[in-house]
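One letter stands for each residue in the lines below.
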Amino acid sequence: MGFRTKFALALGVASAALTLGAGAQAQQASEQEVTTAQDIVVLGNIQYRNRVDGAPPVLEYDTEYFQRFEPLTVGDALKRVPSVAFLSDVLESDGVRLRGLDPAYTQILINGEQVPGSGDSSGAFGNGADGSFFVDRIPAELIDRVEIVRSQSANRSGDAVAGAINIILRDAYNLDGGYIRGGVMNWQNDGNWGETLGGVWGGEVGGGRLLIGANMQDRHNPKDKLSLRYDEPGGTLDNSEVQTDVRDGTDYSANFSYQREFGAIDARIDGFYVHTDRFQNEDSIEYADGVVDALNIQTINNNDVDIEQDSYSLNGRLDFDMFGGETRVKLGYASFTNDSYEFEDEVEFLRDANPYPEGDRFTRDSTLTSLEDSEFKFKLEHERDLGAFDIEFGVHYESKERENLVQETPRIRFNLAGGTVVNGSAPDDSLIPAFGAFAPVPGGDNTIERERIDPFVMVSGDVGSVDWEAGLRYETTEVTIDDRTTGTSNNSSYEILLPSAHVSWHLTDNDRILASVARTVRNPSFTFLSPATLEEELGDSDFVGVVDLEPETAWGLDIGYERRLGRTGIVGVNYFYRDVSDLIEIYNTGVVGSAGAGTWVYSARNTGDGSVWGVEFDLSTSLAAIGLDDTGVFFNYSWLDSEVDDELGSRRFNDQAESIFNVGFIQDLPSWNSSFGVTYRDQGSAFSRVVAEEVTTEYGADLEMFIEHRFGSNFTVRLTGSNLLDESKDEFFDKFENLADQVARDYDEYEVESESAGPVFQLVGRYAF
C-alpha cells in the first residue's frame, strides 16, 4: 500500500470519524478505583486509547488495549501504537525507534524512572551488548498502562529527542484479588513448543496495599536467511549464503509494589527483576557462483552466543505536606548485567586452484563479554498552589557507572593440509589446539562514570479554556572514562539549559488543540564512549568508541488536534519537527577491519546538523454511532522524514523508517461470551549510508488475529496467531572500495539478504480468584 493510498485512507477515516463523533458528549472524569481481578481476566468492554488531561501531549493506553492479542512483551504491545518502529529481526521487537529514529533518541521509563541502559544504547548493537534495556525483555503481563510522551517537560530528564515511553507497572492500588495465566506457544517454522506461566495478586497487607507478580515465558525465534551477492545490481551472481539462525531462551520476571500511609506521610516502595537466559546458534554455508552443491562450498561457519542478563530496579518514595505545598522525596537504585560467551568456527574452501584440502583453512575465535551498569538516583521535588498558577521545582541527582570487560583468546588458525599458517596443520578436530588464555582487547577493560545534577522549575495553570505549562531544566553532566588497558583517563563536563512550554486549548468539550516547544538532548551512549575495540560487532566490521563525543541537542515543535468521539473514542493528528545540532552517528573510519578486505573499522562522530519532521494520525473508537455497539476499530499512520548532510550530500537520518501503518478491529459477541479481532501492520523502508556502504531495509506486512471465549466471570481462553503473513525482512547492501568508487557507483559487491521465521500460535488461559 503506497503513501498516497495510506494518506488518502487516513483523510477518509478522519472525515468519517469527525462525522461519527458530532454531538458526542464529554466523558466524565472519575477517581481511580481499585480494579478487581475479574475485570482484568474477563474483559467486558473493548478498550480504546485514553484521553489525557493537561497541557503536555501524551497518548495513554491501558493494558486492556493490548491484552486480547496476548503480547508476550512490551515490545510486542508497542507495535500497535502510533510512530513506534523497530529495526529488529523478524519476530523480535527490542529497541524502540519512536518516530523511526535510533533507540538512543527514545527515553524508556518504568514508573516514570529511567532504567539501566536507557539513553545509553544504539540500535546498531545487538544482544544488549551496549547495555540497552530492550523492551522485549519486559513481560506485557506486568503492564498497567503505557504512555507515549511526545514532548518533554522540565520535571523529566531531557534525553528524549524523539519522545519518551513510560511503562507503568501494576501497583498496589491497581488490583484486588489475583489471577494466574498459563499457556503454550508453537513456532511453525520448526515445530518447536514453548510455555508461558505467570500470576499477579493484590490486596491489603499490614495496613497498606501490596501487589506481587511473577512471570516465566519461553522465547524462540527460528529464522532462515538467504544472502545473494552480485558484482553489481543486475550483474553476475558471485556467491550465495544459506543460514539458519535460531535464538532460544527463557525470561523470568517478578515485580512488587507496596503503599501505605503513616500519618500524613504517603510511603511507597516498588521494584522489578528480569532474568534472561538466551542461546543464539547461527550456522551458514557459502557457495561459489550461487551453485548449491558440495563442490562449490566456499565456507562453513558455526557461530554460537550464550547470553545471560539480569536487570532489577528498586525505588522508594515519600509524599508529605510541607511549606504550604506537597514535597516528594524519591530514592532509586537500578542494575543491569550482561554476560556473554561467543565462539565462531569457520572452514574456508576454494581459496586456491588446488583440490580439497590443499590450501584450505580452519579458523576459531572466542570472545567473553562482561558488562555491568549500576545507577543511583535521588530526587527532591516540591509542588504548591500559588493561586493564579501552580509551581513545581526541585533537583535531580543521578550517578551511573558502567564496568566493561571485553576479552578474547588468541585466534586459532591453520591450513587443513599442505602448510602452516599459524599453529600448524591438523587432520581433524581432535588435533585442534585448545584456546589460550583470555585477555582484554585494546581498550576492553574500562570504567565509565557519569554524574548529573539537574535543578528544574515548572509552572502550570489554566486561563479560561486554555491549559498551559512552562518550565526550565538545567542539566549538568560530568563524565569520567578510565581505560585500564592503557592506564589512561579522560574527563569531560558540559551544561545544557532545556526550556519547555505546552498549551492545550479546548475549543469545545470534545475538541482541543495542543502545541509544545521543548529543547532536548541526546547524551553520547556508553558504547560510543567506550575505548574498547569490538571485532566484527557490526556485521563483519569492527567498532571502536571515541571518548570526546559532544552531546547532541534538538529544538522540537509539536502541534496537534484531538477530538473525543462518543464516550470512549478519540481521533487525533499531530505534526512534529526537530532541529538537531551536533548529530551523533556511526561512520566509517576508512581503516580495514580485522576480518580483512571488504570490512571496516567504524566509530562514532558528531556529523553536523540535521532536521526531523513528520505527521502522525490516530483513531481509536467504537462504531456505536452507526449501531455497531460491540465493534471497535483502531487506525494509525505516521509519515516520517528527515535530512542531514554527509560526505555524499543530503540523506535521511540513518535507518529511519519512512512510515508506520496500523489498522485493526475487535468484534465482541456478548451472547456467545466470545470475541475476535484482527490487526495489520506495515512499516516503511529504511535507508542507511556511510562511506563505502549503503543499506536499504524493507519489511513485509504483519497480520495478527485472536479469538477468545469467556467462561463465567473468572476464566478466559484465547487463541492468537502472529506473523500470519510470514513477514520477511529484506536488506539490500551496496558496497564499495572507497568514497570515490561510491560516488562513481563502481561496485565492489551488491548483496541481497532475506530472512523469515514463520507464523506463531499461542493458546492462553487466565483464571481470576
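Residues numbered from 1 in each chain as written. Predicted model: local features only at pLDDT ≥ 70, side-chain atom pairs only at ≥ 80, totals over all residues. Heavy atoms only, no water.

Brief notes about the overall build of the chain
- Within the chain, the regular secondary structure consists of 6 helices and 39 strands.
- For the chain, with 769 residues in total, the buried portion stands at 56%.
- For the chain, contacts bridging at least 24 residues in sequence account for 69% of all contacts bridging at least 6.
- Total accessible area on the chain stands at roughly 30,200 Å², and carbon and sulfur atoms take up 54% of it. (Helix = DSSP H or I, 4+ residues; strand = E, 2+ residues; numbered from the N terminus. Buried < 20%, exposed > 50% of the residue type's maximum accessible area, 1.4 Å probe, protein only. Contact = heavy atoms within 4.5 Å. Areas by Shrake-Rupley, 256 points an atom, 1.4 Å probe, with all protein chains shown as cover.)

Some details on the environment of Trp187
- Within the fold, Trp187 resides in strand β9 (residues 177-187).
- Its relative accessible area of 4% is what places Trp187 among the buried residues.
- Residue contacts for Trp187: discarding those within four places in its chain leaves Leu91, Asn192, Trp193, Gly194, Asp218, Arg219, His220, Pro222, Pro759 and Val760.
- There is a polar contact of 2.9 Å between the side chain of Trp187 and the backbone oxygen of His220. (Polar contact = N/O pair within 3.5 Å; in protein donor to acceptor, adjacent residues only side chain to side chain.)

A few points about the pairing of strand β20 (residues 466-483)
- Where strand β19 (residues 439-463) and β20 come together, 16 bridges link them in antiparallel fashion. In the strand pairing of β20, Arg450 is matched with Val479.
- Hairpin geometry of β19 and β20 is characterised by an intervening segment of 2 residues between the two adjacent antiparallel strands and by a positive phi of about 60° at Gly464.
- With 18 bridges connecting them, β20 and strand β21 (residues 488-506) associate as antiparallel partners. Each bridged residue has a counterpart across the sheet, and for Thr476 the counterpart in β21 is Glu495.
- In sequence, β20 turns back onto β21 through a hairpin of 4 residues, with Gly487 there showing a positive phi of about 75°. (Pairing = 2+ DSSP bridges.)

Details of the pairing of strand β23 (residues 533-538)
- The pairing of β23 with strand β24 (residues 541-544) spans 3 bridges and is classified as antiparallel. Residue pairing in the sheet places Leu534 in a bridge with Phe543 of β24.
- Here β23 folds back onto β24, and the loop between the two strands holds 2 residues, one of which, Gly539, carries a positive phi near 65°.

Considering the pattern of salt bridges
- Following the criterion strictly, the structure yields 66 salt bridges and no others.
- Measuring nitrogen to oxygen at the nearest pair gives 2.5 Å for the salt bridge that ties Glu241 to Arg229. On the criterion of sequence distance, the pair formed by Glu241 in strand β12 (residues 237-262) and Arg229 in strand β11 (residues 208-230) is long-range, its members being 12 residues apart. As far as the burial class goes, Glu241 and Arg229 line up, both buried.
- One salt bridge in this structure joins Arg452 and Asp454, with 2.7 Å as the shortest N-O distance. The pair Arg452 / Asp454 is uniform in exposure class, with both members buried.
- Beyond isolated ion pairs, a larger network of salt bridges with shared partners links Asp89, Glu92, Lys223, Lys225, Asp245, Arg247, Arg278, Glu282, Lys729 and Glu755. (Salt bridge = Lys/Arg side-chain N within 4 Å of Asp/Glu carboxyl O.)

Re the nonpolar core
- Of all hydrophobic cores here, the largest spans 43 residues; its most connected members are Leu78, Val84, Val96, Ile148, Ile165, Ile167 and Phe653.
- Once residues lying within four places of it in the same chain are set aside, the contact partners of Ile148 are Pro57, Val58, Leu59, Tyr61, Leu78, Val81, Leu98, Ala164 and Ile165.
- Among the nonpolar cores identified, the runner-up in size contains 17 residues, and Leu529, Leu538, Ala604 and Val690 belong to it. (Core = buried A, V, L, I, M, F, W, Y, C linked by side-chain atoms within 4.5 Å.)

Description of the packing of aromatic side chains
- Within this structure, the stated rule accounts for 20 aromatic pairs.
- Measuring from centroid to centroid gives 6.1 Å for Tyr61 and Phe66, while their planes differ by 45°, and the two rings are tilted. Neither Tyr61 nor Phe66 differs from the other in exposure class; each is buried.
- Connected via pairs of aromatic rings, a cluster forms that spans Phe617, Phe635, Tyr637, Phe661 and Tyr680.
- Here the basic side chain of Arg80 rests over the ring of Tyr65, its NZ or CZ set 4.6 Å away from the ring centre.
- Across the ring face of Tyr105, the terminal group of Arg522 is positioned such that the distance to the ring centre comes to 4.6 Å. (Phe/Tyr/Trp six-rings, centres within 6.5 Å; stacked < 30°, edge-to-face > 60°. Lys NZ or Arg CZ within 6 Å of the ring centre and 35° of its normal.)

Topic: the sheet that holds strand β1 (residues 50-51)
- Strand order in the open sheet formed by 6 strands is β1-β2-β7-β8-β5-β6, with mixed pairing between adjacent strands. Only two strands of the sheet have a single neighbouring strand rather than two, namely β1 and β6 (113-114).
- Looking at chain direction, strand β2 (residues 58-62) and strand β7 (residues 143-149) are connected through 5 bridges and run antiparallel. The residue of β7 that forms the bridge with Tyr61 is Val146.

Describing a nonpolar patch on the surface
- Nonpolar side chains collect at one region of the surface, where Val184, Trp193, Phe665, Phe676, Ile707, Leu719, Phe761 and Leu763 lie side by side and expose about 710 Å² of accessible area between them.
- Relative to the helices and strands, Trp193 is located in strand β10 (residues 192-205).
- Looking at Trp193, the relative accessible area reads 55%, which means it is exposed. (Patch = residues over 30% accessible without salt bridge, like charges linked within 9 Å, V, L, I, M, F, W, Y side chains within 5 Å.)

Focus on the side chain of Ser642
- Along the chain, Ser642 turns up in strand β28 (residues 628-646).
- A polar side-chain atom of Ser642 sits 2.8 Å from the main-chain amide nitrogen of Phe653.
- Of note is the side chain of Ser642, whose polar atom sits 2.6 Å from the side chain of Gln656.
- What Ser642 contacts, discounting residues up to four positions off in sequence, is Ser611, Val612, Trp613, Arg651, Arg652, Phe653 and Gln656.

Comments concerning a negative patch on the surface
- A contiguous patch of negative charge on the surface is contributed by Asp548, Glu550, Asp579, Asp582 and Asp609.
- Note that Glu550 resides in the loop between β24 and β25 (552-565).
- Judged by its relative accessible area of 45%, Glu550 is partly exposed. (Lys, Arg positive; Asp, Glu negative; His and termini not counted. Charge placed at Lys NZ, Arg CZ, Asp CG, Glu CD.)

Topic: the side chain of Thr196
- Structurally, Thr196 is set in strand β10.
- A relative accessible area of 2% means that Thr196 is categorised as buried.
- Setting aside its immediate chain neighbours within four residues, Thr196 contacts Arg181, Gly182, Gly183, Met185, Asn215, Met216, Gln217, Gln762 and Val764.

Some points on the environment of Arg97
- Checked against the element boundaries, Arg97 lands in strand β4 (residues 97-98).
- For Arg97, a relative accessible area of 3% gives the class buried.
- Considering only alpha carbons, one finds Arg97 and Val84, 13 residues apart in sequence, at a separation of 5.8 Å.

Details of the environment of Glu286
- Here Glu286 is to be found in strand β13 (residues 265-288).
- Measuring from C-alpha to C-alpha, the distance between Glu286 and Gln243 comes to 8.7 Å, with 43 residues separating the pair along the chain.
- In contact with Glu286, other than residues within four places in its own chain, are Arg229, Asn239, Ser240, Glu241, Asn296, Ile297, Gln298 and Thr299.
- Within polar-contact distance, the side chain of Glu286 engages the side chain of Asn239 at 3.1 Å.

Topic: unusual backbone geometry
- One non-glycine residue, Phe323, lies in the positive phi region at around 55°.
- Residue classification places Phe323 among the exposed positions, given a relative accessible area of 63%.
- Although it is not a glycine, Asp726 sits at a positive phi angle of roughly 50°.
- Tracing the sequence through the fold places Asp726 in the loop between β36 (715-722) and β37 (728-735).

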